[in-house]
Amino acid sequence: MSWQLAALVVLSAVLAAGFAWYEQSRPSPKLLAMVATLAALAALGRIAFAPLPSVKPTTDIVFLAGFVLGGAPGFAVGAIAALSSNLVFGQGPWTPWQMFAWGLVGVIGAGWARLLGGRLPRVATAALLAACGLLFGLIMNASHLIALSEPPTGSQLLAVQLSSLPFDIAHAAGNVVFFLAFGPALARMLLRFRDRLEVSWTAPAPQPTRTTS
């Protein structure tokens, strides 16, 4: 088995495991609708900002989806956003890598929420989103190198990283700007919707019957 095929098999297994994780969480119909809505919003954000290379609100939306809804829904939002937006930008061998990268951002958002007990500090979260932008670029750079016929050399790896650095920095900076502009407000809105999803109705306890003498 070639090393490219091995990488594709591993990537496919990771994506399948991510969607299986989401299915096993038994999402309610309301949560399914919320995940679909956020995935569509993330995809539309990518399309709307297409004239600005690498500057997209997609990463922020996926991160906050994971922060509020949890790791499995966050992964689903990121993966579906990548797949659906590429209906416009074009599908290709890069699509599974984008699905993995944005799905991972959703999982990171969920981990951040657990680490901080649901708090969302502006400066620290903005810094983490900048790191997510750089991580996304690193994953996509790796996908380009895996497409080579032979394992890449250190000089090839360095050349790819340097050539993509301006785009990765733009992605990271855009994440910070978008989060500071609308991130906390979007998180509060999503938290309100999540609280509504968790409301359950119970039947009132039966009242004792009164007897008359």
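Described below are features of the structure shown in this document. (Residues numbered from 1 in each chain as written. Predicted model: local features only at pLDDT ≥ 70, side-chain atom pairs only at ≥ 80, totals over all residues. Heavy atoms only, no water.)

Time to look at the packing of aromatic side chains. Following the criterion strictly, the structure yields four aromatic pairs and no others. Taking the centre distance of 5.7 Å and the plane angle of 75 degrees together, the rings of Phe 19 and Phe 75 count as edge-to-face. In this pair, Phe 19 sits in helix H1 (residues 3–24) while Phe 75 sits in helix H4 (residues 71–89), placing the two residues 56 residues apart along the sequence. For Phe 19, a relative accessible area of 27% corresponds to the partly exposed category. The class for Phe 75 is buried, based on a relative accessible area of 5%. Each ring, one from Phe 178 and one from Phe 182, has its centre 6.1 Å from the other, and the planes form 50 degrees; the classification is tilted. Residue Phe 178 and its partner Phe 182 are located together in helix H7 (residues 154–197), separated by four residues, close to a single helical turn. Three or more aromatic residues joined by ring pairs form one cluster here, namely Phe 49, Phe 178 and Phe 182. (Phe/Tyr/Trp six-rings, centres within 6.5 Å; stacked < 30°, edge-to-face > 60°. Helix = DSSP H or I, 4+ residues; strand = E, 2+ residues; numbered from the N terminus. Buried < 20%, exposed > 50% of the residue type's maximum accessible area, 1.4 Å probe, protein only.)

The next point concerns the nonpolar core. Leu 38 and Leu 64 are the most contacted members of the largest nonpolar core, which totals 45 residues. For this core, the secondary structure elements donating two or more residues are H1, helix H2 (29–48), helix H3 (58–69), H4, helix H5 (94–116), helix H6 (122–146) and H7. Setting aside residues no more than four positions away along its own chain, Leu 38 makes contact with Ile 61, Ala 65, Leu 69, Val 77 and Leu 190. (Core = buried A, V, L, I, M, F, W, Y, C linked by side-chain atoms within 4.5 Å. Contact = heavy atoms within 4.5 Å.)

In this section: the environment of Asn 86. On the secondary structure map, Asn 86 appears in helix H4. The buried category is assigned to Asn 86, whose relative accessible area is 1%. When the C-alpha positions of Asn 86 and Ile 47 are compared, they lie 9.2 Å apart, and in sequence the two are 39 residues distant. Sequence-distant contacts of Asn 86, defined by excluding residues within four places in its chain, comprise Arg 46, Gln 91, Trp 94, Thr 95 and Gln 98. Engagement of the side chain of Asn 86 in a polar contact is seen with the side chain of Thr 95, the distance being 3.0 Å. (Polar contact = N/O pair within 3.5 Å; in protein donor to acceptor, adjacent residues only side chain to side chain.)

It is possible for side chains of opposite charge to pair when their charged atoms get near one another. Scanning the model with the defined rule gives one salt bridge in all. Note that Asp 195 is salt-bridged to Arg 194, the shortest N-O span being 3.9 Å. For Asp 195, a relative accessible area of 40% puts it in the partly exposed group. (Salt bridge = Lys/Arg side-chain N within 4 Å of Asp/Glu carboxyl O.)

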